[in-house]
Amino acid sequence: MKIPFLSFDGMHPPIAGDLQAAMARVLASNWFIMGQELKAFEAQYADYHNIAHCVGVGNGLEALQLSLRALNIGAGDEVIVPSNTYIASWLAVSQVGAHPVPVEPDFATYNIDYKNIEQAITSRTKAIMPVHLYGQACEMSAIKAIAEKYNLFIVEDNAQAQGATFDGLKTGAWGDVNATSFYPGKNLGALGDAGAITTANAEIAKRLQMLRNYGSEKKYYNEEKGFNSRLDELQAAILSTKLPLLDKWNQARQAIAQAYDERLSHLGEQLILPKIAEKSSHVFHLYVVRTAQRDTLQTSLNTAGIGTLIHYPLPPHLQNAYKELGYQKGDFPIAETLADTSLSLPIYPGLTIDAIDYICERVADGLK
Ligand SMILES: *Cc1c(COP(=O)(O)O)cnc(C)c1O
């Protein structure tokens, strides 16, 4: 059996006709950037989150970066980020000239541990960036209470958790400004790069609309030094076609996660399975297991034809890109342990029970 880490076969072929029609519509419109398709998708995506505004942008990193800029966060400011995240969360902070201040995750959920946030706050802290990692919502009530107490902004990184909820309210609707990515492999993916920002604040939305388009509201008149970060009509049309299926696809991911849980729990201490916090939902962008034998397990799964990945092998504080911060091995031990022991198994709509059975048998073999 050959099982890739990710496949679109369960998502795209069933709606191929609709995707082709969306692309044909854009081709016939003769309008490719900042048109009706984008407007329609923005309205649809805002609606999905029950929030007033959505601004489509070029990708997830720029969504995060422009979110920080719209809050006037820049040089000399500090932003609290998880020590365990994809490096994009940190890079966005660095790109606006601010300083990422890492906070360790909870060992059970792998999300930022709100109990560690207060001790990282200084007079320069401007915002907290919760990342709903692997698809699980962070403890947003507690994070929001801290933000209110210290008068900080919240910028959610919702790239991995489209459709997740905390206490019944969607991720991407909790923060002051919230960024997401439609990189093809995300739960809602474009057929190329794309991203979006959601906010309840009309002024921030207006500022973001300018920032993504050269700082211009009226063509050839520039209010500020903006950027070129637009979501194309073609990608917007694709995303409008796929968004109505997101909940169904997330349910398929959750069913696969449950099937894994059932087939792997007998391994006990040898293999740590994902845990879901009480009020959080988990949309399983990734199904991450942990074991001390991670590298040998990955090799034996690879030999058995099963694709796996490590999210992530080296935490941001130990990357060469962040040498200047002067962190050492041991500074963020939870993030480092996760990097050494995590393994992501295949999870996507269309992964069959036969494939899951096979994967779970090979996992058990690999840990013998
Ligand atoms: C994918 C991802 C991003 C960046 O998105 P791009 O569209 O690739 O720029 C940011 N944060 C997290 C947590 C991600 O998983």
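Described in the following lines is the structure provided in the data block.

Here is what the cut-offs are and how they apply
Residues numbered from 1 in each chain as written. Predicted model: local features only at pLDDT ≥ 70, side-chain atom pairs only at ≥ 80, totals over all residues. Heavy atoms only, no water. Helix = DSSP H or I, 4+ residues; strand = E, 2+ residues; numbered from the N terminus. Rg over C-alpha atoms; globule rule 2.2 N^0.38 Å. Buried < 20%, exposed > 50% of the residue type's maximum accessible area, 1.4 Å probe, protein only. Contact = heavy atoms within 4.5 Å. Lys, Arg positive; Asp, Glu negative; His and termini not counted. Charge placed at Lys NZ, Arg CZ, Asp CG, Glu CD. Phe/Tyr/Trp six-rings, centres within 6.5 Å; stacked < 30°, edge-to-face > 60°. Lys NZ or Arg CZ within 6 Å of the ring centre and 35° of its normal. Axes fitted to C-alpha atoms, helices over the stretch in contact; angles between N-to-C directions. Left-handed = near helix turned anticlockwise from the far one by under 90°. Nonpolar A, V, L, I, M, F, W, Y, C, P; charged D, E, K, R; others polar. Pairing = 2+ DSSP bridges. Parallel < 35°, antiparallel > 145°, perpendicular 65-115°, else oblique. Salt bridge = Lys/Arg side-chain N within 4 Å of Asp/Glu carboxyl O. Near = heavy atom within 4 Å. Polar contact = N/O pair within 3.5 Å; in protein donor to acceptor, adjacent residues only side chain to side chain. Areas by Shrake-Rupley, 256 points an atom, 1.4 Å probe, with all protein chains shown as cover.

Within the chain, the secondary structure is distributed over eleven helices and 13 strands. On C-alpha atoms alone, the chain measures out to a radius of gyration of 21 Å, which is about the 21 Å that the 2.2 N^0.38 rule sets for 368 residues. Along the first, second and third principal axes, the C-alpha atoms of the chain reach 65 × 55 × 35 Å. Looking at the chain residue by residue over its 368 residues, the buried ones come to 57%. Expressed as a percentage of contacts within the chain between residues at least 6 apart in sequence, the contacts between residues at least 24 apart total 70%. One way to put it: in the chain the 30 positive side-chain charges average out to a point 4 Å from where the 39 negative ones average out.

Pairs of aromatic rings are described using the distance from one ring centre to the other and the angle between the two planes. On inspection of all chains with the given rule, the structure shows ten aromatic pairs. Aromatic side chains tyrosine 45 and phenylalanine 182 sit 5.3 Å apart centroid to centroid with 90° between the ring planes, which places their arrangement in the edge-to-face category. You can see tyrosine 45 sitting in helix α2 (residues 36-48) and its partner phenylalanine 182 sitting in the loop between β8 (177-181) and β9 (195-199), a full 137 residues away along the chain. Note on tyrosine 45: relative accessible area 1%, which makes it buried. Residue classification places phenylalanine 182 among the buried positions, given a relative accessible area of 0%. Ring-pair connections join several aromatic residues into one group, and the members of that group are Phe41, Tyr45 and Phe182. Of note, lysine 115 hangs over the ring of tyrosine 114, and the distance from its end group to the ring centre comes to 4.9 Å.

Turning to helix α7 (residues 233-242), a few remarks are in order. Burial runs high along α7: nine of the ten residues are buried. What α7 keeps buried is the set Glu233, Gln235, Ala236, Ala237, Ile238, Leu239, Ser240, Thr241 and Lys242.

What follows is about unusual backbone geometry. Here the residue pair histidine 311 and tyrosine 312 is connected by a cis peptide bond, since its omega of 5° sits within 30 degrees of zero. Assignment of secondary structure puts tyrosine 312 in the loop between α9 (294-303) and α10 (333-341). Phi at asparagine 72 takes a positive value of approximately 60°, unusual for a residue other than glycine. On the secondary structure map, asparagine 72 appears in the loop between α3 (60-70) and β2 (78-82). The residue tyrosine 220 is not glycine, and still its phi comes out positive at about 70°. Positionally, tyrosine 220 belongs in the loop between β10 (216-218) and β11 (221-222). Since its relative accessible area comes to 69%, tyrosine 220 is described here as exposed.

Turning next to the packing of helix α8 (residues 246-264) against helix α11 (residues 353-366). Running from N to C, α8 and α11 cross one another at 35°; their axes reach a closest spacing of 10 Å. Viewed along their axes, α8 and α11 form a crossing whose handedness is right-handed. Between α8 and α11, the residues in contact are Ile256, Ala259, Tyr260, Arg263 and Leu264 and Ile353, Ile356, Asp357, Ile359, Cys360 and Val363, respectively. In terms of residue class, the contact of α8 with α11 is built from nine nonpolar, no polar and two charged.

Attention now moves to the sheet that holds strand β4 (residues 125-128). Taken in spatial order, the seven strands make up an open sheet running β1-β9-β8-β5-β4-β2-β3, and their pairing is mixed. If you trace the sheet from one side to the other, it starts and ends with β1 (53-57) and β3 (99-103), each paired once. Each strand axis lies, on average, 25° off the axis of its neighbour in the sheet, ignoring direction. Bridge analysis of β4 against strand β5 (residues 153-157) gives two bridges, and the strand direction is parallel. Of the residues in β5, the one forming a bridge with isoleucine 128 is isoleucine 154. Contacting β4 and β5, helix α5 (residues 140-150) crosses the sheet at an angle of about 150° to β5.

We now examine the packing of α2 against α7. The geometry of α2 relative to α7 is characterised by a closest axis approach of 8 Å and an angle of 40° between their N-to-C directions. The orientation of α2 with respect to α7, classified from their angle, is oblique. Our pair here, α2 against α7, has a crossing hand that is left-handed. Touching Gln36, Glu37, Leu38, Ala40, Phe41 and Gln44 of α2 are Glu233, Ala236, Ala237, Leu239 and Ser240, all from α7.

Quick look at the pattern of salt bridges now. What the rule picks out here adds up to 13 salt bridges. As a salt-bridge pair, aspartate 365 and arginine 362 come within 2.9 Å of each other at their nearest N and O atoms. Highlighted residues: aspartate 365 and arginine 362, both in helix α11, separated by three residues, approximately one helical turn. Given a relative accessible area of 23%, arginine 362 falls into the partly exposed group. Residues participating in the shared-partner salt-bridge network are Glu262, Arg263 and Asp357.

On to the site of the ligand, then. The full set of residues close to the ligand is Asn59, Gly60, Leu61, Tyr86, Ala88, Val131, Asp157, Ala159, Gln160, Ser181 and Lys186. Between the ligand and the protein, one listed contact pairs an oxygen atom with a side-chain N or O atom of serine 181 at 2.6 Å. With respect to the ligand, the side chain of lysine 186 contributes an N or O atom lying 2.7 Å from an oxygen atom. Relative to its unbound accessible surface of 380 Å², the ligand loses 90% to contact with the protein. Taken together, the residues that form the shell around the ligand break down as five nonpolar, four polar and two charged.

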